[in-house]
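Secondary and tertiary structure notes
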Amino acid sequence: MRRFFSVLSAVVEKDLRLEWRTKESLLIMVVFALLVLTLFSFAFGPGGGSGESARAVQAGILWISFLFACVIGLSRTMGVEREDAGFSAMYASPADPSALYLGKVVSVVVLMGIMELVGFAVLAVLYQADVWKSAGTLALIAICATIGIAAAGTLFSAMSARTRTREVLLPVLMFPVLVPVLIAAVKATQAHLGGDGWADSRDWIRLMLVYDVIFLVAASVVFEYILEE
Amino acid sequence: MLEALGVSRRYGWRWALRDLSLSVSPGETIALLGKNGSGKTTLLKTFAGLLRPTEGAVRVNGEPISREAKGRIGLLSHDPMLYAGLTIRENLGYFARLFSVESGEIPARVDLLAETLGIVERLDEPVRVLSQGLRQRAALARALLHEPEVVLLDEPFAGLDPEASGRLENVVRALCEGRERIVAFTTHDLSKAFDMAGRIVVLAGGRLAYEENAENSSEEAVLAAFDESSGGSA
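Conventions adopted
Residues numbered from 1 in each chain as written. Chains lettered and ligands numbered in written order. Predicted model: local features only at pLDDT ≥ 70, side-chain atom pairs only at ≥ 80, totals over all residues. Helix = DSSP H or I, 4+ residues; strand = E, 2+ residues; numbered from the N terminus. Buried ≥ 20, exposed ≤ 12 C-beta atoms within 10 Å, placed from the backbone. Contact = placed C-beta atoms within 7 Å. Rg over C-alpha atoms; globule rule 2.2 N^0.38 Å. Axes fitted to C-alpha atoms, helices over the stretch in contact; angles between N-to-C directions. Parallel < 35°, antiparallel > 145°, perpendicular 65-115°, else oblique. Nonpolar A, V, L, I, M, F, W, Y, C, P; charged D, E, K, R; others polar. Pairing = 2+ DSSP bridges. Core = buried A, V, L, I, M, F, W, Y, C linked by C-beta atoms within 7 Å. Expected span 1.5 Å × (residues − 1). Left-handed = near helix turned anticlockwise from the far one by under 90°.

**Remarks on the overall build of chain A**
- Within chain A, the regular secondary structure consists of eight helices and zero strands.
- Each helix and strand of chain A, placed in order from N terminus to C terminus, yields the pattern α-α-α-α-α-α-α-α.
- In terms of overall dimensions, chain A has a C-alpha envelope of 55 × 30 × 30 Å along the principal axes.
- The buried share of chain A, reckoned over its 229 residues, is 51%.
- Pairs at least 24 residues apart make up 83% of the contacts formed inside chain A by residues separated by at least 6 positions.

**Let's talk about the overall build of chain B**
- Each helix and strand in chain B was counted, giving eight helices and 10 strands.
- Radius of gyration (C-alpha) of chain B: 17 Å, near the 17 Å computed for a compact globule of 234 residues.
- Projected onto the principal axes, the alpha-carbon positions of chain B cover approximately 50 × 35 × 35 Å.
- The 234 residues of chain B split such that 51% are buried.
- Pairs at least 24 apart in sequence give 70% of the contacts found in chain B among residues at least 6 apart.

**A look at the packing of helix H6 (residues 135-161) of chain A against helix H7 (residues 166-192) of chain A**
All names here are of chain A.
- Between H6 and H7, the least distance of the axes is 9 Å, while the angle of their chain directions is 170°. Judged by the inter-axis angle, H6 sits roughly antiparallel to H7.
- In terms of residue class, the contact of H6 with H7 is built from 17 nonpolar, seven polar and one charged.

**Quick notes on the sheet that holds strand S8 (residues 182-186) of chain B**
Residue and element names in this part refer to chain B.
- Here we have six strands laid out as an open sheet, ordered S6-S7-S8-S3-S9-S10, and mixed in their pairing. Of all strands in the sheet, those bounded by a partner on one side alone are strand S6 (73-76) and strand S10 (207-213). Direction aside, neighbouring strands of the sheet carry axes that sit 15° apart on average.
- Pairing of strand S7 (residues 150-154) with S8 involves five bridges; the strand directions are parallel. Across the sheet, residue Val-151 finds its bridge partner in S8, namely Val-183.
- Of the strands in this sheet, S6 and S7 are in contact with helix H5 (residues 132-144), which crosses S6 at around 165°.
- Sheet contacts for helix H6 (residues 162-176): strand S3 (29-33), S7 and S8; angle to S8, the most-contacted strand, approximately 145°.

**Overview of the interface of chain A and chain B**
- Taken together, the contacts link 23 residues of chain A with 24 residues of chain B.
- When contributions to the side of chain A that touches chain B are tallied by element, the ones reaching two or more residues are helix H1 (2-22) and helix H4 (86-91) of chain A.
- The biggest single contributor to the side of chain A that touches chain B is H1 of chain A, with nine residues.
- Broken down by class, the residue content of the side of chain A that touches chain B amounts to 11 nonpolar, five polar and seven charged.

**Notes on the environment of Val-183 of chain B**
- Residue placement: Val-183 of chain B occurs in strand S8.
- Aside from chain neighbours lying at most four places away, what touches Val-183 of chain B is Thr-29, Val-151, Leu-175 and Cys-176 of chain B.

**Section: the pairing of strand S4 (residues 55-60) of chain B**
All names here are of chain B.
- As paired elements, strand S1 (residues 2-11) and S4 share five bridges and run antiparallel to each other. Within S4, the position partnered with Leu-2 by the bridge is Val-60.
- Hairpin geometry of S4 and strand S5 (residues 63-64) is characterised by an intervening segment of two residues between the two adjacent antiparallel strands and by a positive phi of about 50° at Asn-61.

**Details of the sheet that holds S4 of chain B**
Residues and elements named next belong to chain B.
- Strand order in the open sheet formed by four strands is S2-S1-S4-S5, and the pairing between neighbours is antiparallel. Pairing within the sheet leaves two strands with one partner each, and these edge strands are strand S2 (14-24) and S5.
- The pairing of S4 with S5 spans two bridges and is antiparallel. Paired with Val-60 across the two strands is Glu-63, which belongs to S5.

**Some remarks on the nonpolar core**
- Core analysis: the largest hydrophobic core is formed by 156 residues, its most contacted members being Ala-185 of chain A together with Ala-31, Ala-141, Leu-152, Ala-184 and Val-201 of chain B.
- Per-element accounting of this core gives the leading share, 14 residues, to H6 of chain A.
- Sequence-distant contacts of Ala-184 of chain B, that is, excluding residues within four places in its chain, are made with Val-24, Ile-30, Leu-32, Leu-44, Phe-47 and Leu-152 of chain B.

**Some remarks on helix H3 (residues 51-83) of chain A**
- End to end, H3 of chain A covers 48 Å across 33 residues, agreeing with the expected 48 Å (1.5 Å per residue, within 8%).
- Of the residues flanking the end of H3 of chain A, it is Ala-85 of chain A, one or two places downstream, whose phi is positive at about 55°.

**Some words on unusual backbone geometry**
All names here are of chain A.
- Residue Lys-23 is not a glycine yet carries a positive backbone phi of 55°.
- Along the chain, the position of Lys-23 falls in the loop between H1 and helix H2 (24-44).
- Lys-23 sits in the exposed class, given 11 other C-beta atoms within 10 Å.
- Of note, Ala-85 is a non-glycine position whose phi angle comes to about 55°, a positive value.
- Since 19 C-beta atoms lie within 10 Å of it, Ala-85 is described here as partly exposed.

**Some words on the packing of H1 of chain A against helix H5 (residues 97-126) of chain A**
Residue and element names in this part refer to chain A.
- Running from N to C, H1 and H5 point in directions that differ by 40°, and their axes come no closer than 8 Å. On the basis of the axis angle, H1 is oblique to H5. Considering only the axes of H1 and H5, their crossing is right-handed. Across from Phe-4, Val-7, Leu-8, Val-11, Val-12, Asp-15, Leu-16 and Glu-19 in H1, the residues of H5 making contact are Ala-99, Leu-100, Leu-102, Gly-103, Lys-104, Val-106, Ser-107, Val-110 and Leu-111.

**Remarks on the environment of Glu-115 of chain B**
- You can see Glu-115 of chain B is positioned in helix H4 (residues 106-117).
- For the pair formed by Glu-115 of chain B and Ala-164 of chain B, sequence separation is 49 residues and the distance between their alpha carbons is 14 Å.

**Some words on the environment of Arg-18 of chain B**
- Within the secondary structure, Arg-18 of chain B is located in strand S2.
- The spacing of Arg-18 of chain B and Ser-8 of chain B is 10 residues in sequence and 4.4 Å in space, taken between C-alpha atoms.

Right, dumping it as structure tokens:
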């Protein structure tokens, strides 16, 4: 178990150090999410309207912007592994592929988490959404959804990284699989932006938790075959 | 003991290796020779567990290549397998953890290898700013960091200036002197092969075309074997 966590932390440390040096993925992710949120705020007017439908739109825009930004970030993160033969080096090592996979997932979760903090702040300012009232639950929703997106995204970006059509292939593979987590994240976020809160979001959060567990376990098992040349 | 037992490897419809059997004993150094596309790199990658044979098996000490067995193998590939954005020290630290080197031992091993390979002063520079020769030395440090029993070197001297090549040659020579270590390297340089290896192996068309002790072998015989492609293509 000590070896497992040593490998996992080595991958996280390496990924975040590379990101800290270049800031390529994070910067692009944040700017992209900001752009989408800002453009939609123009389309829907200041505050983005009011009432239940406005909250549904705000939650939808928020998670769609996160999802698109994540695709760009994942392409960059996995691009480094492709360019520097990182996958081959991982596969040539005795390290547990599950630890390698989970290390990559944690790195993506950290990057997405930073982007989402900025995204929620922008939602509060541009759409006048009351994100502070349910900040704790929104954070829980964001964590559950982010783990799901990172779990699927890491797997599919690793799969597509060594193909010629990777930029197109990644969203094509990833988006259909992420439909349940996207719907759940939007519905749960909508509930906390002005609905009945916990009563409305509880089942959606459960759905995300189940999705996260299933995907993390399944992807951990198959990651070894994806690393193979 | 490192063994390839009837190994074949196919990329799509193209056979890179055809029914190849070869065994290397501890303490032995072999030079793998052959034309471009003869299957040398594929064989090394198969030995390293990076490629699965389409047919046949690869064994280390009688066991199939497992995750644990990979911990006893060090591979220097065409690609240095180093992260360009990290320093040599950070790269080596990362790979040491992947290869389960005890964390307390890592700094000492990194320093020792850096000194042996002459990269002490460049340890804290990002790999992206290093020359080809320095990258090759850093990659060799990565391959040797976990003190492997089996060392696989894919054209270790390619693209190096005479000084860098000489330094690397000394390190490889020192490796070859290890009594229990298996060293297999590919090269196009016949003189280096005869000088450093105990056995010369020539691949042609993915098949074993020639195998002889270096002292009983001659350059003419080796060159003649280069063209002995019997059927398979690589």
